[in-house]
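Inside the fold
Listed below, chain by chain, are the residues.
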Amino acid sequence: MASRARVVIVGAGIVGCALADELTTRGWSEVTVLEQGPLFATGGSSSHAPGLVFQTNPSKTMTEFAAYTVNKYMSLSLDGQRCFNQVGGLEVATTPERWQDLHRKHGWAQSWGVPSELIDPERCVELWPLLDPAKILGGFHTPTDGLAWALRCAEAQARRAMGRGARFLAHHRVEGIEHSGDRVTGVWVTTGGEAADGGTGNLIPADIVVCAAGFWGPTLGEFAGLTVPLLPLAHQYAKTGPIQALVGDCDEQTQAVRPILRHQDRDLYFRQHVDRVGMGSYAHRPMPVRQHEIAEKATVMPSVQAFTAEDFEPAWRDAIELMPALAESKFEEGINGIFSFTPDGFPLIGEAPHLRGLWLAEAVWVTHSAGVARAVAECLVDGRSSFDLHECELGRFEQVQLAPAFIEERGRRNFIEVYDVIHPLQPMESPRPMRTSPFYVRQRELDAYFLEGAGWERPHWYGANAAALEELVRRDDAEPPAHDRRVGASLRDEWAARYWSPIAAAEAIATRERVALYDMTPLKRIEVTGPGAAGLLQHLTTNNVDKPVGAVTYTLLLDHAGGVRSDLTVARLGEERFQVGANGNLDLEWIARHARDWPDPVQVRDITGGTCCVGVWGPLARELVQPLTDLDLSNEGFRYFTAKSGYIQQVPVTAMRVSYVGELGWEIYTTADLGLKLWDLLWRAGEPHGVIAAGRAAFNSLRLEKGYRLWGADMTPEHNPYEAGLGFAVRKNKDFIGRDALEGVNAETVRRRLVPLLTERVVMGSEPVHASGREGAAGYVTSAAFGHTIGRPIAYAWLPAELSEPGTRVEVEYFGRRVPAEVAAEPLFDPDMAKIKC
C-alpha cells in the first residue's frame, strides 16, 4: 500500500485514537478520524469504561495485546497527567476450583511473560485491606496490571496523531460507505444531524476505511453489506459511598493505590476511586441492546442506560460477603454500560472479504486497545502484523456462525461465562447440533461422545467401544507392567480427565493393530479450478504442487514475513482441478483473496458441506477396502501421497493415500448424499477384520506419536517452517509468498524449535516449560496427550534451540506442580515410516 494512502477511521474512541497514533507513527499522515459525537468523551464504551487492564489470558495473542497496551499507556501523559496507574492486579479465590484455576493462570502468565505470583490470604489483605481473609484461599497477583484513564489515553494518542498531520472531526456521522467495484472509495457523512451540503451528505474520499465504531459496528457493516458479528450487551457498574478504611489512602489525582481486584467466583470486579469502591458485575442476566435501542434507551450518553438496581442487589450482597466493610455504605452512581461481545470472545480484526480497503477493528476493550491498534496499523502499512492474529481475524467465522440468531445466543453466553473456569476442550452447549456429517446417525448408534468445532459435531470417542477397552485391560494385565501403560488414566488428574475417556486408548490401539474408521468430514475442503489454478497454488504454497494428476502434496501457506499461515494437503485431481485440505475458513479467504488478482482465470469454492470423508487407517485397511473397489490398492498400484478416483461398490469416490495417524490407509471422499452408504459399506466389510469407529481423542494421541503438527496450536504465523520442523515442505527453488523472508534461514540457524517432550504426567497445553539455570519460563507447551502406543505422556513445546537436543531435561509447570520431562527425538513412533508406506 502506498505511504500516502488516504485513511478514514470511523470512531474516535480509544481504539480509533490509538490507530491514528500507530498509523502516523509509521509515516501515514493522511488520516481522518470521524466521530459522530464530541471529542474525546464520544459517548461510546471508552467514555464509561472503568479502565481495568488485566493482562493474563489463555490466549497468547490477547495477553500480548494487553502487555503492549500497558507499556504504551505507561509512557503517555496528557497535560502533565499520567494516563496509566500501575497499581497491579489481584484475583482472589474463594473455592478450591478457583484456587486451582489461579495456578493455571499463573502458568499462562509465565508462558506469555507477564510477571506474577501466587500469594496467601494474608498477603491479599495487605494489598486490599477490605478483604475478609477467612473467605479467601489465596490470590494471583500481577504487579504490572493497572488502571487506564481511557479518555486521557484516547486524547493523548489523538494529539500525537494530529501533530503528525491526522485530523479529527467531531459530530460527523457516517451514513454510507462508497465503493467502486470491489474497492472502497470513501464514506458519506452528515454533520450536526444534517447533511453538510443540505443534500444526502458529504463524501470524504478514502483508500482505506477502518471501522472502529465499537458497538455501532453492525450498523456500519450494513452500509457495506458486511456482517459484523458482535452483540452489544449492557453491563452493570456502580460506586459505593465513602468507605472509612479507604479515607486518606490517596488523593483525587491518584484515584487508586490498591490493585484492581477480581472476585470471579461471583462474577465481580472492583477498583478504588479514592475513598470509594467501584464494582462491576457480570452476575446479572444478559441484557442485549439492539442497534435501534442504543439511542432510544440512552441516558447521560449513548453507551449508558438506566441502572437496574434489582439486577445489582445479589452482586452487592456477594461483595459485602467478600469485603464486610462495604456494608457501612451503599452502592451509588450505578450504570448499565454497553460493551461488545463476539461469538467466541475475540476481537474482530481484518479486511472485509468482498470489499477491499474496508477494515474492522471492532469488539475491542480498553485492555487490548493499543495492541489491536498496532496490529491493524502493521497490517495496513507492512502487510502483516507482528502479532499472531488467527484467533481474531474477521474471516475466521463459518457462514453458519454469522447468522443473527447464532451471534446473539453466543454473545449472551459469552457474557455469562466471562469469568467462568473454562476447560480448553469445553464445547458450546447451544445451539447444537448445527453441522453434522452424513455418518452422524451411525455415530449416535455407536454412542459417540461429541464435542464441537466450527459448528460441527465431532466424535471424541464411542461408548460402543467400552468392550474393546475391557479386552485391552485384560490383555495388558496379563503382561507386566499393568495395563495403565496403554491407557494412561493414572497419569491424568481430574482436569486432564475431563472431556476424555479411557475408551480412546482402545480406539488408538485398534487403529495401530487392526483398522478404524475416522470421520474427517469437518476438515475444510476447498476446490481450486481453472487455467490459473496450478499457477496460483504454486505462488501461494511452499512446496511444488504442479505435479502430474494424481499427486498429493503436503505444503504450507506463508505470509510475507515467512510465518506459517497454515498447512495444506493439495491433491491434483485434474489438469485444472485441485482439492485442498485446509484448516479453516481463513485458508479459504486467503486463497480466494489472491485468486481475485491472479492473471489467469481461477475459481475457488468451499466444497466441505457438499462432501464427506472417511479415514480408513490401520494395518488391515487394505484388506478392508480392496474387496469393495475396482482400484488397485497395492503398494505398487497406489503409492503413498497419491490420489485416484473410482468406486466403493456403487459409490463414486476419490481416495487419497494419506494418513494423519501414522498407519496405512486412505482418506475416502464422496458427496454428502452418498456418505451414509459409504460408511455402511466400509463398516460391513470391516467387521470380519475387527473394524472400530474411532474419535478425535485417539486421533490426537496417534498424530502426536508421529509428530504431525496441528496448525493454530503447534505453529502459527509467529513461526517459520524451519522452527516448526517443516523445512522439508519448502522448495526454495521456486517463487512463493514468504520465500524472500526465508533467505538464509534453515534448520541449523533457527533460535527456537518445536520439540516433543516425554513427561511423567499428562498435561493440557499452554503450560510453561522450565530449564535449570534459567530465570522464568524457557518455553511453553502447545499440544499434549497420552501416547497409547508408546505408553508415555507426550507434550510438544517451543524451546530455545540450545534446549532442543534429545535427552535435555526440563520441567513442565502444571497447576503449580513441576512435572519432569525430557526432550525426545521425533517421530516417537515408526521413524522409518515402515507402517505407513507398506
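All values derive from a computational prediction rather than experimental measurement.

Parameters at a glance
- Residues numbered from 1 in each chain as written.
- Predicted model: local features only at pLDDT ≥ 70, side-chain atom pairs only at ≥ 80, totals over all residues.
- Heavy atoms only, no water.
- Core = buried A, V, L, I, M, F, W, Y, C linked by side-chain atoms within 4.5 Å.
- Buried < 20%, exposed > 50% of the residue type's maximum accessible area, 1.4 Å probe, protein only.
- Helix = DSSP H or I, 4+ residues; strand = E, 2+ residues; numbered from the N terminus.
- Contact = heavy atoms within 4.5 Å.
- Pairing = 2+ DSSP bridges.
- Axes fitted to C-alpha atoms, helices over the stretch in contact; angles between N-to-C directions.
- Parallel < 35°, antiparallel > 145°, perpendicular 65-115°, else oblique.
- Nonpolar A, V, L, I, M, F, W, Y, C, P; charged D, E, K, R; others polar.
- Salt bridge = Lys/Arg side-chain N within 4 Å of Asp/Glu carboxyl O.
- Phe/Tyr/Trp six-rings, centres within 6.5 Å; stacked < 30°, edge-to-face > 60°.

1. Remarks on the nonpolar core
It is characteristic of soluble globular proteins that their nonpolar side chains tend to be buried jointly. The biggest cluster of nonpolar side chains holds 71 residues, and the ones touching the most others in it are Ile9, Leu23, Phe65, Tyr73, Phe168 and Val210. Considering every element that reaches this core, the biggest residue donor is helix α10 (residues 369-382), with eight residues. Not counting residues up to four positions away in its chain, the partners in contact with valine 210 are Val7, Val8, Ile9, Val10, Leu19, Trp359, Ala361 and Leu380. Ranked by size, the runner-up nonpolar core spans 33 residues in total, among them Ala213, Phe215, Leu348 and Ala363.

2. Regarding the sheet that holds strand β1 (residues 7-10)
Adjacent strands of a sheet form backbone hydrogen bonds with each other and so pair up, either parallel or antiparallel. The six strands lie next to each other as β11-β2-β1-β15-β23-β22, forming an open sheet whose pairing is mixed. Pairing within the sheet leaves two strands with one partner each, and these edge strands are β11 (167-169) and β22 (348-351). The mean angle between the axes of side-by-side strands here comes to 20°, regardless of whether they run parallel or antiparallel. Two elements, β22 and strand β23 (residues 358-362), share four bridges in a ladder whose sense is antiparallel. Bridged to isoleucine 349 within β23 is alanine 361. In this fold α10 packs onto β15 (208-211), β22 and β23, with an angle of close to 165° to the strand it touches most, β23.

3. Section: the packing of helix α13 (residues 466-477) against helix α15 (residues 503-513)
At a minimum axis distance of 8 Å, the contact between α13 and α15 shows a crossing angle of 80°. By the angle between their axes, α13 is roughly perpendicular relative to α15. Counted together, Ala466, Ala468, Leu469, Leu472 and Arg475 of α13 and Ile503, Ala505, Ala506, Ile509 and Glu513 of α15 form the full contact between these two elements. Here the contact of α13 with α15 is composed, by residue class, of eight nonpolar, no polar and two charged.

4. Quick notes on the pattern of salt bridges
Across all of its chains, the model carries 65 salt bridges by this definition. Here arginine 98 and aspartate 265 are joined by a salt bridge, their closest N and O atoms 3.0 Å apart. Taken together, the positions of arginine 98 in helix α4 (residues 96-112) and aspartate 265 in the loop between β17 (260-263) and β18 (268-273) put the pair 167 residues apart, joining distant regions of the chain. Comparing arginine 98 with aspartate 265, the two get one shared label, buried. Across the pair arginine 818 and glutamate 811 runs a salt bridge whose closest N-O atoms are separated by 3.1 Å. Classification of glutamate 811 as partly exposed rests on a relative accessible area of 30%. Three or more residues joined by partner-sharing salt bridges are found here, namely Asp21, Glu22, Arg26, Lys72, Arg160, Arg164, Arg374 and Glu378.

5. Some details on the packing of aromatic side chains
Scanning all chains against the criterion turns up 29 aromatic pairs. Taken together, a centroid distance of 4.9 Å and an interplanar angle of 65° make the contact between phenylalanine 65 and phenylalanine 387 edge-to-face. With phenylalanine 65 in helix α3 (residues 60-74) and phenylalanine 387 in the loop between α10 and α11 (404-416), this residue pair connects regions lying 322 residues apart in the sequence. Both residues of the pair, phenylalanine 65 and phenylalanine 387, belong to the buried class. Ring geometry for tryptophan 112 and tyrosine 780: centres 5.1 Å apart, planes at 75°, overall edge-to-face.

6. A closer look at the sheet that holds strand β38 (residues 768-770)
Pairing within the closed barrel is antiparallel, and its six strands lie in the order β37-β40-β39-β38-β41-β42. Direction aside, the axes of adjacent strands within the sheet are offset by 45° on average. The pairing of strand β37 (residues 752-759) with strand β40 (residues 792-800) spans seven bridges and is antiparallel. Paired with arginine 752 across the strands is proline 800, a residue of β40. With respect to the sheet, helix α20 (residues 696-706) is in contact with β39 (779-787) and β40, its orientation differing from that of β39 by roughly 115°.

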